[in-house]
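# Analysis of the macromolecular model
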Amino acid sequence: SGSWIQKGIMYVGSQKSGSGGVVVRGGGFQPQTEVRIASAAGASGFLTVTNTTLILTNSSSTVYAGHSGSGTLDIIDSTMSFPAILYVANAAGATGSVHLVDSDVTNRTSLIVGNTAGSFGSIAQSGGRLTVTDYFRLPANGTGAYLANDAVFSGKWVTIAAYGTGSTAIGRVDLSGTQRVFRVSVSLAIGTQGVGSITNRVAQYAGGIDLVESTATLTVGGTGNIHIAFEEDPVELGMYWGLRWKGD
């Protein structure tokens, strides 16, 4: 229930074939530099925080959930804020998983899922809010998935298999539940550099893909897809919507 300040790099699973796990329950946790979960190829590791205020304190506080191996980051009933990049599956061959449960997570720079070709990263969010104030790349060059249930996402520049110059990216967004919003304020691009899709499952209440500024841009490439799936009779839904664009 106290406060943990980590001054140097934190490794959780740092050697090939090695595994490690850290669980923080309550209090405060402040890594001041990098956190590398599964930093070596063949390593595995997990970091779980529950009922904790997790604050990364400076721009060098980069977090890797699956740096080169298989890494998992769990944020449960917690608040997380950091000014650096969060990588979910960084290197080729890496796998990364992030689980967000009823938490408020703010990433003040970029969130990159599946950074390199041959990497696989996923984010599963249940309840709460995820805010990315810079780039959300799903993926950069690998494979990435964002699965949200009864959750709110807010981002500026969002690319779903639409970053870089190659075509290896595979990205998928799935929105479900009665309270789901996927807000984008500057640009949303899907499938221009790979295979990208968003599925929005509309049920009970208004919500879904929300371009919150009239100046926001939407680009859907030849291998991009937006699927609006009404899971109830639209006549019964009232003020329903699946894709909303301010000013249009």
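Calculation criteria
- Residues numbered from 1 in each chain as written.
- Predicted model: local features only at pLDDT ≥ 70, side-chain atom pairs only at ≥ 80, totals over all residues.
- Heavy atoms only, no water.
- Helix = DSSP H or I, 4+ residues; strand = E, 2+ residues; numbered from the N terminus.
- Rg over C-alpha atoms; globule rule 2.2 N^0.38 Å.
- Contact = heavy atoms within 4.5 Å.
- Areas by Shrake-Rupley, 256 points an atom, 1.4 Å probe, with all protein chains shown as cover.
- Lys, Arg positive; Asp, Glu negative; His and termini not counted.
- Charge placed at Lys NZ, Arg CZ, Asp CG, Glu CD.
- Core = buried A, V, L, I, M, F, W, Y, C linked by side-chain atoms within 4.5 Å.
- Buried < 20%, exposed > 50% of the residue type's maximum accessible area, 1.4 Å probe, protein only.
- Pairing = 2+ DSSP bridges.
- Axes fitted to C-alpha atoms, helices over the stretch in contact; angles between N-to-C directions.
- Polar contact = N/O pair within 3.5 Å; in protein donor to acceptor, adjacent residues only side chain to side chain.
- Phe/Tyr/Trp six-rings, centres within 6.5 Å; stacked < 30°, edge-to-face > 60°.
- Salt bridge = Lys/Arg side-chain N within 4 Å of Asp/Glu carboxyl O.

## A look at the overall build of the protein
- Of the regular secondary structure elements, the protein holds one helix and 25 strands.
- In terms of overall dimensions, the protein is globule-like: its C-alpha atoms have a radius of gyration of 18 Å, near the 18 Å expected for 248 residues.
- By its C-alpha atoms, the protein is 55 × 40 × 30 Å across when sized along the principal axes.
- If you take every contact in the protein between residues at least 6 apart in sequence, the share linking residues at least 24 apart comes to 79%.
- Summed over all atoms, the accessible surface of the protein reaches about 10,200 Å², with 50% contributed by carbon and sulfur.
- Of the side chains in the protein, 14 bear a positive and 15 a negative charge, and the two mean positions are spaced by 11 Å.

## Observations regarding the nonpolar core
- Judged by nonpolar contacts, the single largest core of 45 residues is most densely connected at Leu73, Ile123, Phe136, Tyr146, Phe182, Leu188 and Ile198.
- Among all residues touching Tyr146, those that are not within four sequence positions of it are Ile123, Gln125, Leu130, Phe136, Leu138, Phe153, Arg172, Val173, Asp174, Leu175 and Phe182.

## Brief notes about the sheet that holds strand β24 (residues 224-230)
- Pairing within the open sheet is parallel, and its nine strands lie in the order β3-β6-β9-β12-β15-β17-β19-β21-β24. Unpaired on one side and paired on the other, β3 (19-25) and β24 mark the two borders of the sheet. Taken over all neighbouring pairs, the strand axes of this sheet differ in orientation by 5° on average, direction set aside.

## Here we look at the side chain of Ser122
- Relative to the helices and strands, Ser122 resides in strand β15 (residues 120-126).
- Every residue in contact with Ser122, bar those within four places of it in the chain, is listed here: Val88, Gly96, Ser97, Val98, Val113 and Ala145.

## Quick look at unusual backbone geometry
- Here the bond from Leu138 into Pro139 is cis, since omega is -10°, no more than 30 degrees from zero.
- Tracing the chain through its elements places Pro139 in the loop between β16 (129-138) and β17 (143-149).
- Unusually for a residue other than glycine, Ser17 sits at a positive phi of about 70°.
- The residue Ser17 is located in the loop between β2 (10-12) and β3 in this model.
- You will see that Ala161, though not glycine, has its phi angle at about 50°, which is positive.
- Position of Ala161 relative to the elements: it lies in the loop between β18 (152-160) and β19 (169-176).
- For Ala161, a relative accessible area of 0% puts it in the buried group.

## Some thoughts on the environment of Asn200
- Note on placement: Asn200 falls in strand β21 (residues 194-202).
- Those residues in contact with Asn200 that sit more than four places away from it in its chain are Leu175, Arg180, Gly207, Gly208, Ile209, His227, Ile228, Ala229, Trp241 and Gly242.
- From its side chain, Asn200 meets the backbone oxygen of Gly242 in a polar contact 3.0 Å long.

## Description of the packing of aromatic side chains
- Tallying each qualifying case throughout the model produces eight aromatic pairs.
- With centroids separated by 4.8 Å and ring planes inclined at 45°, the aromatic side chains of Trp4 and Phe29 adopt a geometry described as tilted. Taken as a pair, Trp4 in strand β1 (residues 3-6) and Phe29 in strand β4 (residues 28-31) lie far apart in primary sequence, 25 residues in all.
- With relative accessibility at 33%, the residue Trp4 sits in the partly exposed group.

## Structural notes on the side chain of Thr72
- You can see Thr72 is positioned in strand β9 (residues 70-76).
- If we skip the residues at most four places from it in the chain, Thr72 touches Ile37, Gly45, Phe46, Leu47, Ser97 and His99.

## Some details on the pattern of salt bridges
- In this structure the tally under the stated criterion is six salt bridges.
- What emerges from the salt-bridge pattern is a single network uniting Arg172, Asp174, Arg201 and Glu231.

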